[in-house]
Amino acid sequence: MHPGTNGFVRVASVEDVQRTGRLVVAIAGHTLLLIDENDTIYAVDNRCPHMGFPLHKGTVNNCILTCDWHYARFDLMSGGTFDSWADDLPAFPVQIRDQEVWVDLAVHADPLTHHRQRLQDGLKHTIPLVIGKSVIALLKQENHITEAFRMGLDFGVSYRQGGWDTGLTIHTCMMNLLPYLEAEDKPRAIYHGLAAVARDTSNQPPRFPIQPLPGSNNPAKIPILQNWFRQFVEVRDAEGAERCLASAIRAGASQTQLAQMLFTVVTDHRYIDVGHPLDFTNKALEALDATDWQNAELVLTSLVSGYTGATRMEEARSWRYPVDLVAILQQAFEALPVALAEGSHQRGMSSDRDQLMAILLGDDAQAIADALLTALRQGCSEVELAGIVTYAAALRIAQFSTNNDFNDWDSAHHTFTFANAVHQGMRRVASPELLRGVFDAAMSVYLDRFLNVPAARLPKPDKTVENPVVLLQELPELLDRQQQVNQVGELVGRYLYSGGNPERLLALLGKLLLREDRQFHVIQEVEAAFRQYSHLGQSTAGINILVAASRYLAAHTPTMRSQEQTYQIAYRLHRGDRLFEDAR
């Protein structure tokens, strides 16, 4: 190596390159491919940027270098690719000095700008490998995590006509999981979220948001806009509802007012679309929290079509027969104002949680509604009551009988994630309107009661395990096999009861989740359980929450794991590994 000026170094003689037409040179950490084409020498990286195949095995024709592995094509002069899935090839300026080849190895482009653009390309064209490579590069710096998340959020709400759906929910779940994950798994989580957004928007028409009403910058109009919004959702008028919501945002409605607007309409009817719209609402608000409420108008209005088009459980046979749950709830809602008023004078007094839990898990719907009202009268807060009902929903999964049909897992799952969303929403804005969601969740817990016949056994305190770390080492192998639901739940319970480190368990469960192919319900389940555990801590309830999540994960693993393979290729390329060293 002979250093020169301005980044140029001598790499070979012109004669050496012309003798064979191409020459591979290792220099200063680079493996260069020198190509003599039409009496001009070009220098490019020898690794195909797609998957790392050595380009000296490729074909050159008319100044286009083609990788013979997947046929990615590159302009020799600039390195630019003609195939968006391949990425541009690093090309280096060449000078000929006294029949010697000098190459400029200095970096002239802004890598961050490049990786941002490539992330956009990956999202637009649904290319997981490009998304993975871009995310890994961007997240080398901690402050780019939020930027990558925001890019996916903005893309998802702009390029799906139907608005917010599973992709953006997965994306937000992954952002919420970051505090529980090991550092090496954080880029992997963001990759999963962004890939989900890309797939959800693939081949979808873009969304064209409806503009606010004229003169919408008047805060005095917020109350009437809230009222109109509710009326339009009631009659399933998506266009009118969206315009009211956009107008309220432009008028300066606070974050609390907006959350109140959304949680009100999503609980005006019973358990709409088995809880998805409410969970999506909570996730949209959490996504905005993560981005300092940037682009709130586009994000929140993406929810509206989910409200107006939702199935309402008043229309469902299971909520009407043989017991009219809707009538029971309507009567309970009429009693809510008085119950809340009475309870406000007794806040802080302890309530009999065990007795309430027994009723919630029982088979008397009227008794459940009455018990919830009694708890409120006795001083139980809205947030506390939401948490109790969420725990009851989790127990349906922790005690789910594997004798049930496999699809029955989803019935219990929907109840739990809905209840969790109500609980998280209640922590944001405790309102009588959202409180109806607690009662809805309780009725869904009631409807799921047959899924615990016979009930799976909950793990019990066990001090006989001397080294709980050994148990944790067994978990990945168990999740490599099917039908290990009870074994996994028992292992998680024994590990925690024997003094195992909860943070290590959470990190491992997150890692094992991320090695699987993307499954919407499983991701929802694990994220909700982690959030609930963060509130309950190392208590019996907290342990049972993680038992429930691990059982659900075990029921849905293993998968093909193609996403993990793609991510590993992206990671190894970023690290500079030679993926095809033996290629001749």
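Our structure is the block above this text.
Predicted model, so just to flag it, every value in this text is computed and none were measured. (Residues numbered from 1 in each chain as written. Predicted model: local features only at pLDDT ≥ 70, side-chain atom pairs only at ≥ 80, totals over all residues. Heavy atoms only, no water.)

Q: So, the overall build of the chain: which residues are in play, and what are the values?
A: Looking only at helices and strands, the chain features 24 helices and eleven strands. Projecting the C-alpha coordinates of the chain onto the three principal axes gives extents of approximately 95 × 70 × 40 Å. Across the 584 residues in the chain, those meeting the buried criterion constitute 57%. For the chain, the share of sequence-separated contacts (at least 6 apart) that also reach a separation of at least 24 residues comes to 71%. Accessible surface, the chain: about 24600 Å² in total, of which carbon and sulfur atoms supply 49%. Between the centroid of the 52 positive side chains of the chain and the centroid of its 68 negative side chains there is a distance of 1 Å. (Helix = DSSP H or I, 4+ residues; strand = E, 2+ residues; numbered from the N terminus. Buried < 20%, exposed > 50% of the residue type's maximum accessible area, 1.4 Å probe, protein only. Contact = heavy atoms within 4.5 Å. Areas by Shrake-Rupley, 256 points an atom, 1.4 Å probe, with all protein chains shown as cover. Lys, Arg positive; Asp, Glu negative; His and termini not counted. Charge placed at Lys NZ, Arg CZ, Asp CG, Glu CD.)

Q: Outline the side chain of Asp104, supporting the account with residue identities and numerical values.
A: Summarising the element assignment, Asp104 is placed in strand E11 (residues 100-104). Within the buried set, Asp104 has no salt-bridge partner at all; the shortest N-O distance to an opposite charge, 8.6 Å, is to Arg97. A distance of 3.0 Å separates the side chain of Asp104 from the backbone nitrogen of Ala106, its partner in a polar contact. (Salt bridge = Lys/Arg side-chain N within 4 Å of Asp/Glu carboxyl O. Polar contact = N/O pair within 3.5 Å; in protein donor to acceptor, adjacent residues only side chain to side chain.)

Q: Just give me the short version of the sheet that holds strand E7 (residues 64-66), but keep the residues and values in it.
A: If you walk across this open sheet you meet the three strands as E6-E7-E8, and the pairing is antiparallel. Each edge of the open sheet is held by one strand with a lone partner, namely strand E6 (59-61) and strand E8 (73-75). Within the sheet, the average angular offset between the axes of one strand and its neighbour, ignoring direction, is 25 degrees. (Pairing = 2+ DSSP bridges. Axes fitted to C-alpha atoms, helices over the stretch in contact; angles between N-to-C directions.)

Q: Go over the pairing of strand E4 (residues 30-37), please, and point to the residues and values.
A: Where burial is concerned, most of E4 is hidden: six out of the eight residues are buried. As paired strands, strand E3 (residues 22-27) and E4 are joined by six bridges and run antiparallel to one another. Across the sheet, the residue bridging to Val24 is Leu33, located in E4. Adjacent in sequence and paired antiparallel, E3 and E4 are bridged by two residues, among which Ala28 carries a positive phi angle near 50 degrees.

Q: Lay out the nonpolar core with the relevant residues and their values.
A: If you look at the biggest cluster of nonpolar residues, it comprises 168 residues, and the most contacted ones within it are Trp164, Phe229, Leu300 and Phe439. With sequence-adjacent residues up to four places away left out, Trp164 is seen in contact with Leu153, Val157, Thr169, Thr172, Phe280, Lys283, Ala284, Ala287, Val299, Ser302 and Leu303. One finds Phe53, Cys63, Ala72 and Phe74 within the second-largest nonpolar core, a separate group that totals 16 residues. (Core = buried A, V, L, I, M, F, W, Y, C linked by side-chain atoms within 4.5 Å.)

Q: So what's going on with helix H23 (residues 540-555)? Residues and values would help.
A: Between its first and last C-alpha, H23 extends 22 Å over 16 residues, near the 22 Å set by a 1.5 Å rise per residue. A large share of H23 lies buried, amounting to 15 of its 16 residues. (Expected span 1.5 Å × (residues − 1).)

Q: Tell me what's going on with the pattern of salt bridges, and back it up with residues and numbers.
A: Summed over the entire model, instances satisfying the criterion amount to 35 salt bridges. Here Glu286 ties to Arg531 by a salt bridge, and the two come within 3.2 Å at their closest N and O atoms. Here Glu286 is found in helix H10 (residues 276-290), whereas its partner Arg531 is found in helix H22 (residues 520-536), with 245 residues between them in sequence. Judged by relative accessible area, Glu286 falls into the buried class, the value being 8%. A network of salt bridges, in which partner residues are shared, links Glu182, Glu184, Asp185, Arg188, Lys511 and Glu564.

Q: Tell me about the environment of Tyr391, residues and numbers included.
A: Residue position: Tyr391 is located in helix H16 (residues 382-398). On the basis of relative accessible area, Tyr391 is assigned to the buried category, the value being 11%. Distance from Tyr391 to Leu372, taken between C-alpha atoms, is 14 Å for residues 19 residues apart in sequence. Discounting chain neighbours no more than four positions away, the residues touching Tyr391 are Met357, Thr540, Ala541, Asn544 and Ile545.

Q: So what's going on with the layout of surface pockets? Which residues, and what values?
A: A probe as big as a water molecule, rolled over the atoms, marks out the empty space that is left. Approximately 1600 Å³ is the volume found for the largest pocket. What lines the largest pocket is a set of 47 residues, among which Asp45, Arg47, Asp88, Leu89 and Pro90 lie closest to the centre. When residues of the lining of the largest pocket are traced back to their parent elements, those giving at least two are E3, E4, strand E9 (91-92), helix H2 (111-125), helix H3 (128-138) and helix H24 (562-575). Ranked by residues supplied to the lining of the largest pocket, first place goes to H2 with four residues. (1 Å grid on protein atoms, 1.4 Å probe; cavity = no way out; pocket = protein on both sides within 12 Å on 5 of 7 lines; lining within 4 Å. Points joined across faces, edges and corners; volume = space filled by probe spheres on them.)

Q: So what's going on with the packing of aromatic side chains? Which residues, and what values?
A: Per the counting criterion, the structure on display carries ten aromatic pairs. Ring geometry for Tyr271 and Phe418: centres 4.9 Å apart, planes at 80 degrees, overall edge-to-face. Of this pair, Tyr271 sits in the loop between helix H9 (255-266) and H10 while Phe418 is found in helix H17 (residues 408-428), placing the two residues 147 residues apart along the sequence. Here Tyr271 and Phe418 have matching classes, each one buried. (Phe/Tyr/Trp six-rings, centres within 6.5 Å; stacked < 30°, edge-to-face > 60°.)

Q: I'd like a rundown of unusual backbone geometry, residues and numbers included.
A: Of all residues except glycine, most have a negative phi; of all peptide bonds, most are trans. That bond from Tyr321 to Pro322 is cis: its omega, 0 degrees, falls within 30 degrees of zero. Along the chain, the position of Pro322 falls in the loop between helix H12 (304-308) and helix H13 (325-343). A cis amide bond links Val453 to the next residue, Pro454, at an omega of -5 degrees. Even without a glycine there, the phi angle at Asn38 is positive, about 55 degrees. Looking at where Asn38 falls in the secondary structure, it is placed in the loop between E4 and strand E5 (40-45).

Read these as layout, nothing more, since geometry by itself doesn't imply function.
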